[in-house]
Amino acid sequence: MPEDRTNKFTIIEITILPGRTFEAKKKLYNLIFRQLKQLDYQDNDAVVVLSEPELNNWGVRGGIPASEIDIGFNLKV
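Now for a description of the structure that goes with this document. (Residues numbered from 1 in each chain as written. Predicted model: local features only at pLDDT ≥ 70, side-chain atom pairs only at ≥ 80, totals over all residues. Heavy atoms only, no water.)

Right, let's get into the overall build of the chain. On a plain count of helices and strands, the chain comes out with one helix and four strands. Listed N to C, the secondary structure of the chain is β-α-β-β-β in terms of helices and strands. Its C-alpha atoms give the chain a radius of gyration of 16 Å, more than 25% over the compact-globule value 11 Å for 77 residues. By principal-axis analysis of the C-alpha atoms, the chain measures approximately 45 × 25 × 20 Å. Counting over 77 residues, the chain shows a buried share of 18%. Sequence separation of 24 or more characterises 68% of the internal contacts of the chain that already satisfy a separation of 6 or more. (Helix = DSSP H or I, 4+ residues; strand = E, 2+ residues; numbered from the N terminus. Rg over C-alpha atoms; globule rule 2.2 N^0.38 Å. Buried < 20%, exposed > 50% of the residue type's maximum accessible area, 1.4 Å probe, protein only. Contact = heavy atoms within 4.5 Å.)

Pasting the structure below:
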């Protein structure tokens, strides 16, 4: 590990449906790091990685591609 990290170093990987704005992602990153600080994490102790597979890469509701159905909520957040 690089010297500027502690033994708490953590990689947080989150898989989400595509559609969130850059601002929404920034808010998520900020929230995660604020919560980690309450657990005595330092700023360099974590990395957050978002993965956004296209809707045709999600099999839902018995195996239907998410791109072919109305998933029931707005992805543009």
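What follows is about the pattern of salt bridges. One pass over the structure, following the stated rule, counts three salt bridges. Across the salt bridge formed by Lys 25 and Glu 52, the nearest N and O atoms sit 2.6 Å from each other. Placement of the pair is Lys 25 in helix 1 (residues 22–38) and Glu 52 in the loop between strand 2 (46–51) and strand 3 (59–60), with a sequence separation of 27 residues. We classify Glu 52 as partly exposed; its relative accessible area is 30%. One salt bridge in this structure joins Lys 37 and Asp 43, with 2.9 Å as the shortest N-O distance. Judged by its relative accessible area of 47%, Lys 37 falls in the partly exposed class. (Salt bridge = Lys/Arg side-chain N within 4 Å of Asp/Glu carboxyl O.)

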